[in-house]
Amino acid sequence: MYTRKTLPLRRILLWTRWHLALFTALAFVPVALYDIIGCKWLHVPWLPISLVGTAVAFIVGFKNNASYDRMWEARKIWGGIVNASRSFTVMVKDFVRHDDIPGDKLLDLHRELVYRHVGWLTALRYQLRTVRPWENKRASPGNRRFHGMPFRLHESEIPMECAVAKYIPTDELGEIFSKANQATQILGIQSRRLRELRKAGLLGAYEHVEIERMVVELYALQGKSERIKNFPYPRQFATLNYVFVWLFILLLPYGVMEEFERVGDHIIAEHLSDNASTGALDAFVQFAGSRFVWLTIPFSAVITWVFYALEIVGELSENPFEGGPNDVPITDLSRSIEIDICQLVDCTDIPEKILWESGVVL
């Protein structure tokens, strides 16, 4: 998630510099053939190209809306995880009690359940960071150029087993990592442990039902996250959108060359009708008007760059958990949740907030 007020134009240009150079080259070729070689037949009527451009604008807008909806839904899901985590911790602190057990023993039980919950958060975060074939490979060169500086993805630096082992008892790790979905297993163990506390008289019947409802809510939030992670923006829409954008990029210079040449001819005709002109000015106007078609290159490059930038922004926003600079910052949210709930049960080894660089929070 980019956190500064605006993204500097310099960084946007840095991010798209190679494509902008490509768009300039694609416009240069037809103009050179048209004006230098003399292939005056090498043009396409503007009307069909404008129709293609209108259609491309609609489908790019549709894709960007759908991508934003996926990203915003993911953020709402993790907002629910934040709230559910705090509620679960308060329930643990208030419900798990017994008059015959010393306070330090109860506190150890509270911390055990809270740490297991942090282990669930960690496992879920790692599973959501797993690369899928349709994603943009998170810290790719394209993502790095987006903000001009490299960024750290914590999940790629520390193995999942090491990260989870800090919060889960050693005798449970084998059971957790012997299964395909570690986050699901951790919640299962959490539910089993709550049942054991109920049998031991540390949790009342009503309290047990309420806290189990919170475990079910955590399962639901995990499933919603997995739905977004494992079901991509439909590939048929994404592929056609990409093809149509590039079709417009390739056709645009052929449609505007003749238009710019007509403007140049009109400039020359208007100037020659002015009797107050001078010889030097006549020569300049003749030269500029006859070469006016070359303005096709910057014009086409800018227009195609606009369409391509909108297309690629939608592409980089449609997978909100892969770990790019446009994604939901689940690593930072997980650390914030861990700090909050550990403080609720008076843990002594509370971690520090993560300091992010370059205005990108992951």
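Here we summarise the structure given alongside this text. (Residues numbered from 1 in each chain as written. Predicted model: local features only at pLDDT ≥ 70, side-chain atom pairs only at ≥ 80, totals over all residues. Heavy atoms only, no water.)

### A short note on the nonpolar core
For soluble globular proteins, the rule of thumb is that nonpolar side chains tend to be buried together.
Next up, step 1: Ranked by size, the top nonpolar core spans 52 residues in total, and within it Trp 78, Ile 81, Val 96, Trp 120, Leu 197 and Phe 321 carry the most contacts.
Next up, step 2: Elements with a minimum of two residues in this core: helix H3 (46-95), helix H4 (103-129), helix H6 (160-165), helix H7 (170-177), helix H8 (182-199), helix H9 (205-230) and helix H13 (330-344).
Next up, step 3: Looking at which element gives the most residues to this core, the answer is H4, with 12 residues.
Next up, step 4: In contact with Leu 197, other than residues within four places in its own chain, are Val 96, Leu 109, Leu 113, Leu 202 and Leu 203.
Next up, step 5: By size, the runner-up hydrophobic cluster in this structure holds 19 residues, among which are Val 56, Trp 246, Ile 249 and Leu 316. (Core = buried A, V, L, I, M, F, W, Y, C linked by side-chain atoms within 4.5 Å. Buried < 20%, exposed > 50% of the residue type's maximum accessible area, 1.4 Å probe, protein only. Helix = DSSP H or I, 4+ residues; strand = E, 2+ residues; numbered from the N terminus. Contact = heavy atoms within 4.5 Å.)

### Some thoughts on H13
Residues three or four positions apart in an α-helix share a direction because the helix packs 3.6 residues into each turn.
Next up, step 1: Across its 15 residues, H13 extends 21 Å between first and last C-alpha, which sits within 8% of the 21 Å expected from 1.5 Å per residue.
Next up, step 2: Within H13, burial applies to Ile 330, Thr 331, Asp 332, Leu 333, Ser 334, Ile 337, Glu 338, Ile 339, Ile 341 and Cys 342.
Next up, step 3: Looking at the buried residues of H13, the elements they touch are H3 and H4.
Next up, step 4: Directly after H13, the chain includes Asp 346, whose backbone phi takes a positive value near 60°. (Expected span 1.5 Å × (residues − 1).)

### Some words on the packing of H3 against H9
Next up, step 1: In the contact formed by H3 and H9, the axes pass within 10 Å of each other and the chain directions differ by 160°. Relative to H9, H3 is oriented roughly antiparallel. The handedness of the crossing between H3 and H9 comes out as left-handed. (Axes fitted to C-alpha atoms, helices over the stretch in contact; angles between N-to-C directions. Parallel < 35°, antiparallel > 145°, perpendicular 65-115°, else oblique. Left-handed = near helix turned anticlockwise from the far one by under 90°.)

These values are about where atoms sit, not about what they do.
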